[in-house]
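Chain residues, written in single-letter form:
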Amino acid sequence: RAMEQKDASICFYSSDIKEGLHERARLESDLSKAIANNEIEVHYQPQVSSKDGSIIGAEALARWRHPVRGLVGPDTFIPVAESSGLILEIGNWIMKQACFQAKRWQLQGHTNFRIAVNLSSKQFTNPDLFDEVIDALTEVELDPHYLELELTESCVIEELDTALLTMKKLKDLGIALSIDDFGTGYSSLSYLKQFPMDRLKIDRSFISEITSDKESQDITKAIISMAHSLNMGVIAEGIESVEQHSFLNDIAVEELQGYYFGKPATVSDMDKMLTANKNKQ
Ligand code: C2E
Ligand code: MG
Ligand code: MG
Ligand code: MG
């Protein structure tokens, strides 16, 4: 009997895995047509100055409007894009869109509007990256200074020497670099001081506990003073409440991002947010 049960469970798992593989193959095949079908969208989440709450820029966040599944989030399709190699085409398309929008908002009078774009490690190690960045910028005549690429710790820690060279070449283009989800990876201080980073993005997990947990407070304070002593800026992500906002204000975090200030929004909703923000000032 025990044997039978074991067989049954093996059978169950293997059909489960098969189903999972089918599902992934389907997603991948759909995703390969998503750009041509105009299904990839870029949403924008405002980043604000903690001084006066004015919008200084936005992070571009990818969405997939699937004809059957509806709006698919990046946590679902970015991994599929990465493992299939489609991320190179999709990522480049997103960067172009983001640069186009940033320029558009600048021309509407938000002259110092900055755009942050997430870069996956496959893109970071792609030798075509530099030309693609230059193309995206020149196509819309965006000053490189207003494009920020968000890297993750794992992206820059592997193959450290090559990564340092890539970061330096990106900085030579005049763009800004930041480390996303900072504090969740394994960057040591000695690594960090070699990185030509403009900004650290303090991970949401610290912010979500910042008003209740002493450790998260201490880590956040340590990240800030470390960043500042290395001449890097700091932006906190995932701010959802006025209490978190005022705590971060008190400890001199200069830039903030989170649902409290605005969820990732379509271009037209971002247009409205920017207009309201301008009228407020
Ligand atoms: P991320 O780069 O750390 O982006 C921040 C994520 O936190 C976004 O989720 C955003 O919607 C969410 N978020 C922002 N503020 C709050 C808040 O106050 N509360 C909560 N609970 N969440 C908040 P999203 O858009 O689902 O993106 C998830 C991840 O997918 C991103 O994390 C990023 O790693 C990846 N991703 C998104 N777009 C792209 C892209 O174009 N390329 C690449 N390579 N990765 C992307
Ligand atoms: Mg990010
Ligand atoms: Mg993040
Ligand atoms: Mg993330």
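What counts as what
- Residues numbered from 1 in each chain as written.
- Chains lettered and ligands numbered in written order.
- Predicted model: local features only at pLDDT ≥ 70, side-chain atom pairs only at ≥ 80, totals over all residues.
- Heavy atoms only, no water.
- Near = heavy atom within 4 Å.
- Polar contact = N/O pair within 3.5 Å; in protein donor to acceptor, adjacent residues only side chain to side chain.
- 1 Å grid on protein atoms, 1.4 Å probe; cavity = no way out; pocket = protein on both sides within 12 Å on 5 of 7 lines; lining within 4 Å.
- Sits in = over half its atoms within 2 Å of the grid points.
- Helix = DSSP H or I, 4+ residues; strand = E, 2+ residues; numbered from the N terminus.
- Nonpolar A, V, L, I, M, F, W, Y, C, P; charged D, E, K, R; others polar.
- Salt bridge = Lys/Arg side-chain N within 4 Å of Asp/Glu carboxyl O.
- Expected span 1.5 Å × (residues − 1).
- Donors = N, O, S within 2.8 Å, 3.2 Å for Na, K, Ca; no water.
- Buried < 20%, exposed > 50% of the residue type's maximum accessible area, 1.4 Å probe, protein only.
- Pairing = 2+ DSSP bridges.
- Arc of directions from axis to C-beta.
- Phe/Tyr/Trp six-rings, centres within 6.5 Å; stacked < 30°, edge-to-face > 60°.

In the annotation of an unreviewed UniProt entry, the protein chain is listed under the name EAL domain-containing protein and assigned to Psychrosphaera aquimarina.

Notes on the site of ligand 1
Lining the immediate environment of ligand 1, one finds 22 residues, of which R63, N118, D180, E240 and Y259 sit closest. Taking D180, its side chain carries an N or O atom lying 2.8 Å from an oxygen atom of ligand 1. At a separation of 2.8 Å, an oxygen atom of ligand 1 approaches a polar backbone atom of Y259. Given that more than half its atoms are within 2 Å of the pocket grid, ligand 1 belongs to the largest pocket. Elements that contribute at least two residues to the shell around ligand 1 include exactly β2 (55-66), α2 (74-84) and β6 (176-182). Classifying every residue of the shell around ligand 1 by side-chain character gives eight nonpolar, five polar and nine charged.

What to know about the pattern of salt bridges
The final tally for this structure, using the stated rule, is 16 salt bridges. Close ionic contact of D172 with K168 constitutes a salt bridge, the shortest N to O distance being 3.3 Å. Note that D172 and K168 are positioned in helix α7 (residues 160-172) at a spacing of four residues, about one turn of the helix. Here the salt bridges share partners, and the residues they tie into one network are E59, E150, K201 and E237.

A short note on helix α3 (residues 87-107)
When the terminal C-alpha atoms of α3 are compared, their 30 Å separation across 21 residues agrees well with the 30 Å that a helix rising 1.5 Å per residue should span. In the segment just after α3, G109 is the residue with positive phi, at about 115 degrees.

Some points on the coordination of the magnesium ion (ligand 3)
Protein ligation of the magnesium ion (ligand 3) involves D180 (OD), D181 (OD), E237 (OE) and E237 (OE), the donor distances falling in the range 2.1 to 2.7 Å. Read in sequence order, the donor residues for the magnesium ion (ligand 3) give the motif D-D-x55-E. Separating the magnesium ion (ligand 3) from the magnesium ion (ligand 2) is a distance of 4.0 Å, and D180 supplies a donor atom to each of them. Of the two residues, D181 is situated in strand β6 and E237 in strand β8 (residues 233-237); the sequence distance between them amounts to 56 residues. A relative accessible area of 27% places D181 in the partly exposed class.

Some details on the pairing of β2
Most of β2 sits inside the fold, with ten of its twelve residues counted as buried. What sits between strand β1 (residues 40-49) and β2 in their antiparallel hairpin is a turn of five residues, with G53 showing a positive phi close to 75 degrees. Pairing analysis gives four bridges linking β2 to strand β4 (residues 114-118), with the strands arranged parallel. Bridge pairing links A58 to I115 in β4. Here β2 pairs with strand β3 (residues 70-72) via three bridges, running antiparallel. In the sheet register, H66 faces β3, and the bridge partner there is G70. Counted between consecutive antiparallel strands, the loop separating β2 from β3 contains three residues.

Comments concerning α2
Among all positions of α2, only F77, I78, V80 and A81 are buried. The buried residues of α2 all sit within an arc of 160 degrees when viewed along its axis, so they share a single face. Residue G85 follows α2 closely and has a positive phi angle near 85 degrees.

Digging into the packing of aromatic side chains
Per the counting criterion, the structure on display carries four aromatic pairs. Seen from their ring centres, W105 and F113 are 5.1 Å apart, and the 50 degrees between their planes marks the pair as tilted. Among the residues examined, W105 registers a relative accessible area of 0% and is labelled buried. The class of F113 is buried, set by a relative accessible area of 2%. In textbook terms, an aromatic cluster arises when at least three aromatic residues are bridged by ring pairs, as seen for Y44, W105 and F113.

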